[in-house]
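Next come the chains, spelled out residue by residue.
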Amino acid sequence: MEILVAILPLLIGWFLDLKFGDPISLPHPVIWFGKMIGCCEHSFNKGKNRKLKGGLTAIGLILTVFILTWMLVDLVSSSIWISVTVQSILVFYCLAGTTLVKEVRMVFKATDNSLEEGRAQVGRIVGRDTANLSAHEIRTAALETLAENLSDGVIAPLFWYAILGLPGMVAYKMINTLDSMIGYKNDRYRQFGYIAAKIDDIANYVPARLTAILMIIVSGEISLFPFVRKFGHKHASPNSGYPEAALAGILDCRFGGTHDYFGESVYKPYIGEHDRDFDYSDVIKAISINRKSEVLMIILTCGVRLLFLL
């Protein structure tokens, strides 16, 4: 029975994500996380010591969801089927692979129809200004986001599930949400979100590099490891460059360059060497790499959880 509870919720939750993606019509914990973060930010992001207050807020929220999840798991542990059901639903909520895959595929299809459709579609998944993007830039942005999301939305949650169980997975989701809401280097969040952003960097350090390793393994292009070492650190983020470099190597393309964010041009070093156009076959190959990497990570995660039972 212990083995069943150790891996069955993970497998069910992962299958639900593959089948349905993010449950748009259902209440999502990330929405609740966002409300908690927004309430704290509104209350504490003012006056003096904003970095300290932001750090205490981030640490407090992360510990809160970790403890509450641990208590919930313990509460339902007396019934194996209730336990499996509850944990499966939470795993489902914490994984975010399928929805982004669908969105990226739609970006390529929309761009094939017209630039306007492509710009509107890619604007749903990227933070950069999209009004003046070319077809090549639209497709590039979508592929970059696909690689980053594999790490943030799938591999990292599974990594923390492997290490700390479901409470670790849910806590990671809070870390990721904190970074996406207050981890910006603008006037409003530079101080208050500083520690939240650093925690996110730490939480993603191993998963980002693991993502690149998994991508290379499933692609069969073992010779790409030096390529990833060369380009992985050439990104404003200490982590995002590694899965991007892996995908750039697999597709023999180039990511990065100058992009506009909130009306300001931001230069990003190039990742990769071959500046070429993309077509629909590229997104199909990238999605295949994503899915195979997920499967391999699921196997590894199940193995680690079973080892904890020995």
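For the structure itself, consult the block above.
All of these numbers come straight from a predicted model, not from anything done at the bench.

S.K.: So what exactly am I meant to see when it comes to the overall build of the chain here?
M.R.: Secondary structure summary: the chain contains eleven helices and two strands in total. Taken over the C-alpha trace, the chain has a radius of gyration of 20 Å; the compact-globule value for 310 residues is 19 Å, and the two agree within 12%. Summarising its shape, the C-alpha atoms of the chain cover approximately 55 × 50 × 40 Å along the three principal directions. Classification of the 310 residues of the chain by burial places 50% in the buried group. Sequence separation of 24 or more characterises 71% of the internal contacts of the chain that already satisfy a separation of 6 or more. Accessible surface computed for the chain: about 15,000 Å², of which carbon and sulfur atoms make up 64%. Charged side chains in the chain number 30 positive and 29 negative. The centres of these two groups are separated by 5 Å.

S.K.: I tried to follow a nonpolar patch on the surface on my own but got confused; where do I start?
M.R.: On the surface, I59, L63, I67, L68, W70 and M71 cluster together into a nonpolar patch covering about 610 Å² of accessible area. Mapped onto the secondary structure, M71 falls in helix α3 (residues 50–75).

S.K.: What am I meant to see in the environment of I287 here?
M.R.: As for its position among the elements, I287 is in helix α11 (residues 280–307). A residue is classified by how much of its surface remains accessible, and I287, at 6% relative accessible area, is buried. For the pair I287 and L133, spaced 154 residues apart in sequence, the C-alpha separation works out to 23 Å. If sequence neighbours within four positions are ignored, I287 has contacts with V101, R105 and L146.

S.K.: I'm lost on unusual backbone geometry in this one. Help?
M.R.: In this model, N49 sits at a positive phi of 55 degrees, which is unusual for a non-glycine residue. Relative to the helices and strands, N49 resides in the loop between α2 (29–44) and α3. Given a relative accessible area of 56%, N49 falls into the exposed group. Positive phi values are uncommon outside glycine, yet D252 reaches one of about 50 degrees. Inspection of the secondary structure puts D252 in the loop between α10 (241–251) and β1 (254–261). For D252, a relative accessible area of 45% translates into the label partly exposed.

S.K.: Is there a simple way to think about α2 in this case?
M.R.: Three or four residues apart is the spacing at which side chains of an α-helix point the same way, because the helix has 3.6 residues per turn. Taking 1.5 Å of rise per residue, the 16 residues of α2 would be expected to cover 22 Å, and the 22 Å separating its terminal C-alpha atoms lies within 8% of that figure. Every buried residue of α2 is listed here: P29, F33, G34, I37, C40 and E41. For α2, the arc enclosing every buried residue in end-on projection is 140 degrees, short of the 170-degree limit, so these residues lie on one face. With respect to the buried face of α2, the exposed residues turned more than 90 degrees away are K35, C39 and H42. Contacts from the buried residues of α2 go to α3, α4 (80–94) and α7 (135–182).

S.K.: I'm lost on the layout of surface pockets in this one. Help?
M.R.: In this approach, a probe sized like a water molecule rolls over the atoms, and the result shows the empty space that is left. Of the voids in this model, the second largest pocket is the one considered here, and its volume is about 420 Å³. Residue lining of the second largest pocket: 18 residues in total, with V5, A6, V73, Q87 and R305 positioned closest to the centre. Elements that contribute at least two residues to the lining of the second largest pocket include exactly α1 (2–20), α3, α4 and α7. Take the lining of the second largest pocket: its biggest share by element is five residues, from α7. Along the lines of polarity and charge, the residues of the lining of the second largest pocket split into eleven nonpolar, four polar and three charged.

S.K.: Honestly, the environment of V283 in this entry has me stumped. Any pointers?
M.R.: Locating V283 in the fold gives a position in helix α11. Residue class for V283 comes out buried when judged on its relative accessible area of 0%. Contact partners of V283, with chain neighbours within four places excluded, come to V104, R105, F108 and L143.

S.K.: How should I be thinking about the pattern of salt bridges in this particular structure?
M.R.: Close approach of charged atoms lets side chains of opposite charge pair. For the structure shown, the criterion picks out nine salt bridges. The shortest N-O distance in the salt bridge between E103 and R124 comes to 2.5 Å. Of the two residues, E103 is situated in helix α5 (residues 98–113) and R124 in the loop between α6 (115–122) and α7; the sequence distance between them amounts to 21 residues.

Procedures and definitions
Residues numbered from 1 in each chain as written. Predicted model: local features only at pLDDT ≥ 70, side-chain atom pairs only at ≥ 80, totals over all residues. Heavy atoms only, no water. Helix = DSSP H or I, 4+ residues; strand = E, 2+ residues; numbered from the N terminus. Rg over C-alpha atoms; globule rule 2.2 N^0.38 Å. Buried < 20%, exposed > 50% of the residue type's maximum accessible area, 1.4 Å probe, protein only. Contact = heavy atoms within 4.5 Å. Areas by Shrake-Rupley, 256 points an atom, 1.4 Å probe, with all protein chains shown as cover. Lys, Arg positive; Asp, Glu negative; His and termini not counted. Charge placed at Lys NZ, Arg CZ, Asp CG, Glu CD. Patch = residues over 30% accessible without salt bridge, like charges linked within 9 Å, V, L, I, M, F, W, Y side chains within 5 Å. Salt bridge = Lys/Arg side-chain N within 4 Å of Asp/Glu carboxyl O. Expected span 1.5 Å × (residues − 1). Arc of directions from axis to C-beta. 1 Å grid on protein atoms, 1.4 Å probe; cavity = no way out; pocket = protein on both sides within 12 Å on 5 of 7 lines; lining within 4 Å. Points joined across faces, edges and corners; volume = space filled by probe spheres on them. Nonpolar A, V, L, I, M, F, W, Y, C, P; charged D, E, K, R; others polar.

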